[in-house]
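# Coordinate analysis (summary)
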Amino acid sequence: MIAAALSGPLVDSAQASAADREFEAVYREHVGFVWRNLRRLGVPEPEIEDAAHEVFLVVLRRLPEFDGSAAITTWLYAITRGIASNRRRGDQRRQRRHAEVPEPGPAEGPAEWLERSQAAATVAQFLASLTPEQRVVFELFEIEGLRAHEVSAALDLNVNTVYTRLRAARSRFAAFVAALHGGAAGGSHG
């Protein structure tokens, strides 16, 4: 659906208004950013496409209000976070009403699946070790590449608070990596 929309113009170029072209440019440039953040914010994989559509419906409606005082990614993150939050609440309501159905098995071979699962578990283990405040700052800065002032604006925090949380998360990351390498190198010394 979204991939199909990317294969051709979203609007007929002869009839496109400046707003349509602006929306198309924002969509094309930032759809990956929105998808990654929806996934990271806990939207279940089968619902990510619908959630991304919701995000861009909001963007389409509110793009004329965007004044450019913050980075577009900051603005998009705030919208994405709101949609993801609504989705999580809806999921929690559905889970209370229905028993959870197991996910289908992987399509890749057992060795690839094991390697990918171990890597994902390692990353998840590290991220779970962070406080929620450190985690969101770490993800936006280190994974999404936002600058500190953009993270500050997206989360409505003082930039010094962003740097403090980032420093703490990086310190924990260094300790986590050191522990992994120490464990892989043969355990404890002494």
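These remarks concern the structure in this document.

Cut-offs and rules
- Residues numbered from 1 in each chain as written.
- Predicted model: local features only at pLDDT ≥ 70, side-chain atom pairs only at ≥ 80, totals over all residues.
- Heavy atoms only, no water.
- Salt bridge = Lys/Arg side-chain N within 4 Å of Asp/Glu carboxyl O.
- Helix = DSSP H or I, 4+ residues; strand = E, 2+ residues; numbered from the N terminus.
- Buried < 20%, exposed > 50% of the residue type's maximum accessible area, 1.4 Å probe, protein only.
- Polar contact = N/O pair within 3.5 Å; in protein donor to acceptor, adjacent residues only side chain to side chain.
- Axes fitted to C-alpha atoms, helices over the stretch in contact; angles between N-to-C directions.
- Parallel < 35°, antiparallel > 145°, perpendicular 65-115°, else oblique.
- Left-handed = near helix turned anticlockwise from the far one by under 90°.
- Contact = heavy atoms within 4.5 Å.
- Nonpolar A, V, L, I, M, F, W, Y, C, P; charged D, E, K, R; others polar.

Looking now at the pattern of salt bridges. Any two side chains of opposite charge can pair if their charged atoms end up close together. Using the criterion set out here, one finds 10 salt bridges in the structure. Two residues, Glu144 and Arg40, come together in a salt bridge whose shortest N-O distance is 2.8 Å. Of this pair, Glu144 sits in the loop between helix H6 (132-143) and helix H7 (148-155) while Arg40 sits in helix H2 (residues 18-40), and the two are 104 residues apart along the sequence. You can call Arg40 partly exposed: its relative accessible area is 22%.

So, about the side chain of Glu144. The buried category is assigned to Glu144, whose relative accessible area is 12%. Polar side-chain contacts of Glu144 include one of 2.8 Å to the side chain of Arg40.

It is at 10 Å that the axes of H6 and H7 come closest, and there the two elements cross at 135 degrees. Classified by the interaxial angle, the pair formed by H6 and H7 is oblique. Note that H6 runs across H7; the crossing there is right-handed. Mapping the contact onto sequence places Val136, Val137, Leu140 and Phe141 in H6 and Ala148, Val151 and Leu155 in H7. Split into classes, the residues belonging to the contact of H6 with H7 amount to 7 nonpolar, no polar and no charged.

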